[in-house]
Amino acid sequence: MIQSETLELLEWPRLCQHLATFTATKLGAIATHHLPIPSTRTETIQLLAQTQEVYKLETLLTQGLSFDGIEDIGDSLERAELGGILSGGELLAITTTLAGSRKLRRAIDSYESEYELSVLPELVADLRTYPELEQEIHRCIDDRGDVTDRANPKLAGIREKMHHLRDRIDHILRGILQRKAGAIQQPIITQRGDRFVIPVKAPQKDAVPGIVHDTSTTGSTLYIEPNAVVNLNNQMRQLQRQAQREEEAIRQALTEQVAEVKEDLEQLLAIATIIDLATARARYSLWLGANPPQFTDPDSDQPMTMRQLRHPLLVWQEQHEQGNSVIPIDVNVRPPVRVVAITGPNTGGKTVTLKTLGLAALMAKVGLFIPANDPVELPWFEQILADIGDEQSLEQSLSTFSGHIRRIIRILEAIDREESGVRSQESEYQEESGVRSQESEVIEVDDCSEDENNLEVDDFSVDENLENSCLSPTLVLLDEVGAGTDPTEGSALAISLLQYLADNALLTVATTHFGELKALKYEDERFENASVEFDTNSLQPTYRLLWGIPGRSNAMTIAGRLGLKQDIIDRAQDYVGGDSEDVNQVIAGLEEQRQKQETKAKEASELLQETEYLHQEVARKAEALKERERELKLAQEVAVQEKIAEAKAEIATVIRNLQQGPLIARNAQKATNAINEISEKYLPSRTLPPKKPSFMPKEGDRIRIPKIGQTAEVLTAPNENDELTVKFGIMKMTVNLREVESLDGEKVESFKKSKNVESQKTKKSESKSKETQPEVNSSGLAVRTSQNSIDIRGSRVADAQIEVDRALSKAIEYGLLWIIHGKGTGKLRQGIHEFLQENPLVERFELAGRNDGGSGVTIAHLK
């Protein structure tokens, strides 16, 4: 009972309503409103794993998981099992659910290896979608939910008769409309109760003898069935009843097929709902900007850390209801702290802090991420119990104090039940293992007390473990503990209660105005102080949570700022006493010191940011200078080369002019040598940039195959034929190094080989090409061979789809695949065509020519 009360106090149903808006199916939305709270840590870990895998897909993919077509068919399945007959619309809903679930499974399977999924593929591993049942329903039911003519030849014949009979009736009635135009109200043919009638003016009803089936509201028009079509209408009605019986028989047969697989379809719905809930949790967490929690061991020294924690309902209010900005809080509880006392003025945010902590613990339990900065670390709480707000009741004569005590009693009872369950499990374990510790004689297990005088030094670890095991893994939230009664007695009761909870509960967070509770920290290391900040200048709370410093109520200050007479405040201060004032002055001094430290820390942070900015600016300018220097050197080199070219051109002219005399030519040669020496002296040495290492795929690398537009994983390194095996999705294939590139678009650099090796490789490739490539006829079209064809005649549709999928991956290098499915009823051909239409490897497909098998063979052209 107290746990359900806690959920209401923390406004958990509101959070579930917000979560429901992120679901994709009706079943998922219903499930969020009845979201179960896991009772074991294993369940929570499983839910978090589901959320994390969907979160990964939602952040990495343009479009996340799709639940299109999945509907709530639970009622239809129940009625089918009870022998009822499903309507056409219900049968169509079953087909869309089957198709949507199959697409969902295919999407998860295709992402399994690429995104390292494990939990989601395990969920859909045993999912059965019955494509045969789906195809049979589509064959018998059209998109409007009506039974088709192809469902039954007898039904098609009846409808053909109805069509001819309808033409006869229409012909006769149109003749009457023309002949009796003066007596007709409107020249139309309508129906009343499955009977074809015409509107006749009431005063001239005798002009059209027949049966009156209806009258207009004004009485001026009678809807008469002429005697000439009475027998025909009777025949039409008989045919309609026959058609209805045939339609009902067809829907009954389909319903029986649905009933036979009811359990599998219910499991399908359950799995789809689980994945929908995981998707909703991931999308809600993504919207919140939340991070996954990590559960700490209660017996370890790991602190409970949640930095910049935000209240999820306030975030929703800020985003959707134009609420105030959410002010985050920092939570840092270090062992051995078991109780945190939060003090401070009213309206300072103490109650909001309690609710934020409670909701964070609940969100972690159900597999949601927590709206706080990473890392998020907290214990896994078996129970979250809260006493927040008043529980006054005139009918039960309960005051505020009585209401608090009643609820606290229920909290303590829940903790005692949890402790007794833990102790009984330990006792059973000890009995099964045959362990009997000697310390049981001196330790009273009921109250987890210790007798230090009777403990040996070697037995200390055993006693410490026993003490930890007696702590209930419970989070207790108490608002204004001990309030509503005499302050002295209320304070004493609050201290005693918190000490009891420190002995028995893993963590307790309580708000209070009692000054005595602030001193517990200095008497017991299991207690910690925290306070909500209040700006005494503006008389407004800042809603920040401060750790290690108790808060002041600031009643006197607030009263003075609001205008209360100073003599009244001074007299009140005398009643409070000097000790209290001294404590408040100490607290005020600590707050002032903390504010100064925060100011200095802020200034240091700003200075650090400015230094980093200046460092980045200097680095940017240095890089710009280096780039400018490279440009200048390049320009200088180009200028020198141009001058040298001009000088050599002039020398060449001189040489041509002086070729007649050897001495002059010798002088010209000397001039050329001199120019070359100048160029070598002043031309900067060319330093080529380091050669970029060539790209060569290795096992485990991610590569792209532009030919088919896929990203794949390398399974084997290139062999002697420059071929490697890759995998994308569930498909594996062998490709050549020339057909792949890195994710940055870098091609494999060709490497030189000896002529003998190249010639041998050429011969091998030519012989292999002759063996594996499809033959080409005289017209230039590829023909069917044993390497590019598959025979699936006599196979079931589901099995045939698997075989075709494998054959497609092998036939990529041929560019097309012949699929021999035979003619038969056409069901196998239809199933293969639907599969090819959705396959990413297939560009188009068509039936073969009459000489190649006609409608019994399909040719798939690959991308």
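Some details on the side chain of Arg281
No. 1: Mapped onto the secondary structure, Arg281 falls in helix α11 (residues 262–288).
No. 2: Buried and unpaired, Arg281 has no salt bridge, with Asp276 as the nearest side chain of opposite charge at 9.5 Å.
No. 3: Not counting chain neighbours up to four residues away, the residues in contact with Arg281 comprise Leu19, Leu47, Gln50, Thr51, Val366, Gly367 and Leu368.

Side note on the pattern of salt bridges
No. 1: Counted according to the given criterion, the structure contains 39 salt bridges.
No. 2: Between Glu114 and Arg702 there is a salt bridge; the shortest N-O distance is 3.9 Å. With Glu114 in the loop between α6 (88–112) and α7 (119–124) and Arg702 in strand β15 (residues 702–705), this residue pair connects regions lying 588 residues apart in the sequence.
No. 3: On the basis of relative accessibility, which here comes to 38%, the residue Glu114 falls in the partly exposed class.
No. 4: Lys747 is paired through a salt bridge with Glu741; the nearest N and O atoms lie 3.3 Å apart.
No. 5: Judged by its relative accessible area of 9%, Glu741 is buried.
No. 6: In the salt-bridge network here, residues are joined through shared partners; they are Glu5, Asp387, Arg407 and Arg410.

Quick look at the sheet that holds strand β4 (residues 221–226)
No. 1: The antiparallel open sheet is built from 4 strands, whose spatial order is β1-β2-β4-β3. Pairing within the sheet leaves two strands with one partner each, and these edge strands are β1 (190–192) and β3 (210–215). Averaged over all neighbouring strand pairs, the angle between strand axes comes to 50°, with direction disregarded.
No. 2: One ladder, built from 5 bridges, connects β3 with β4; its direction is antiparallel. Among the inter-strand pairings, Val212 is bridged to a residue of β4, identified as Ile224.

What to know about helix α3 (residues 26–33)
No. 1: Residues of α3 that are buried include every one of Leu27, Gly28, Ala31 and Thr32, and no others. Summarising the axial view, the buried residues of α3 lie within an arc of 135°, below the 170-degree limit, and thus occupy one face.
No. 2: Packed against the buried residues of α3 are α2 (12–20) and α11.

Considering the nonpolar core
No. 1: Trp12, Val258, Ile275, Met306, Leu309 and Ile370 are the most contacted members of the largest nonpolar core, which has 120 residues in total.
No. 2: In terms of residues, this core owes the most to one element, α11, which gives 11 residues.
No. 3: Once residues within four sequence positions are removed from consideration, Ile275 is found in contact with Leu65, Phe67, Leu104, Ile108, Leu123 and Val124.
No. 4: Counting 35 residues, the second largest nonpolar core, distinct from the first, contains Val735, Leu737, Tyr814 and Ala860.

Overview of the sheet that holds strand β7 (residues 329–333)
One key point about sheets: their strands pair by backbone hydrogen bonds, in either a parallel or an antiparallel sense.
No. 1: A sheet is described by the order of its strands in space; here 4 strands give the open sequence β5-β9-β6-β7, paired in mixed fashion. Of all strands in the sheet, those with a lone pairing partner are β5 (293–296) and β7, marking the two edges. Across this sheet, the average inter-strand angle for adjacent strands is 25°, counted without regard to direction.
No. 2: As paired strands, strand β6 (residues 304–309) and strand β9 (residues 373–379) are joined by 2 bridges and run antiparallel to one another. Its bridge partner being in β9, Arg307 is matched across the sheet by Asn373.
No. 3: Lying over the sheet, helix α13 (residues 350–365) contacts β5, β6, β7 and β9, oriented at roughly 115° with respect to β6.

Examining the pairing of strand β10 (residues 383–387)
No. 1: Within β10, 5 of the 5 residues are buried, which leaves the element mostly enclosed by the surrounding structure.
No. 2: Note that β10 and strand β11 (residues 472–478) share 5 bridges and pair parallel. By the bridge assignment, Ala386 is partnered in β11 with Leu477.

Considerations on the packing of aromatic side chains
No. 1: Taken as a whole, this structure holds 6 aromatic pairs when the rule is applied.
No. 2: Considering the side-chain rings of Phe22 and Trp287, the 6.2 Å spacing of their centres and the 50° angle between planes classify their relative orientation as tilted. Of this pair, Phe22 sits in the loop between α2 and α3 while Trp287 sits in helix α11, and the two are 265 residues apart along the sequence.
No. 3: Residue Phe22 is classed as buried on the basis of its relative accessible area of 16%.
No. 4: Judged by relative accessible area, which is 29%, Trp287 ranks as partly exposed.
No. 5: Consider the rings of Tyr111 and Tyr115, whose centres lie 5.8 Å apart with planes at 70°: the pair is edge-to-face.
No. 6: Ring-pair connections join several aromatic residues into one group, and the members of that group are Phe22, Tyr284, Trp287 and Trp316.
No. 7: Stacked on the ring of Tyr223, the Lys or Arg Arg192 has its end atom at 4.0 Å from the ring centre.

Criteria and cut-off values
Residues numbered from 1 in each chain as written. Predicted model: local features only at pLDDT ≥ 70, side-chain atom pairs only at ≥ 80, totals over all residues. Heavy atoms only, no water. Helix = DSSP H or I, 4+ residues; strand = E, 2+ residues; numbered from the N terminus. Buried < 20%, exposed > 50% of the residue type's maximum accessible area, 1.4 Å probe, protein only. Lys, Arg positive; Asp, Glu negative; His and termini not counted. Salt bridge = Lys/Arg side-chain N within 4 Å of Asp/Glu carboxyl O. Contact = heavy atoms within 4.5 Å. Pairing = 2+ DSSP bridges. Axes fitted to C-alpha atoms, helices over the stretch in contact; angles between N-to-C directions. Arc of directions from axis to C-beta. Core = buried A, V, L, I, M, F, W, Y, C linked by side-chain atoms within 4.5 Å. Phe/Tyr/Trp six-rings, centres within 6.5 Å; stacked < 30°, edge-to-face > 60°. Lys NZ or Arg CZ within 6 Å of the ring centre and 35° of its normal.

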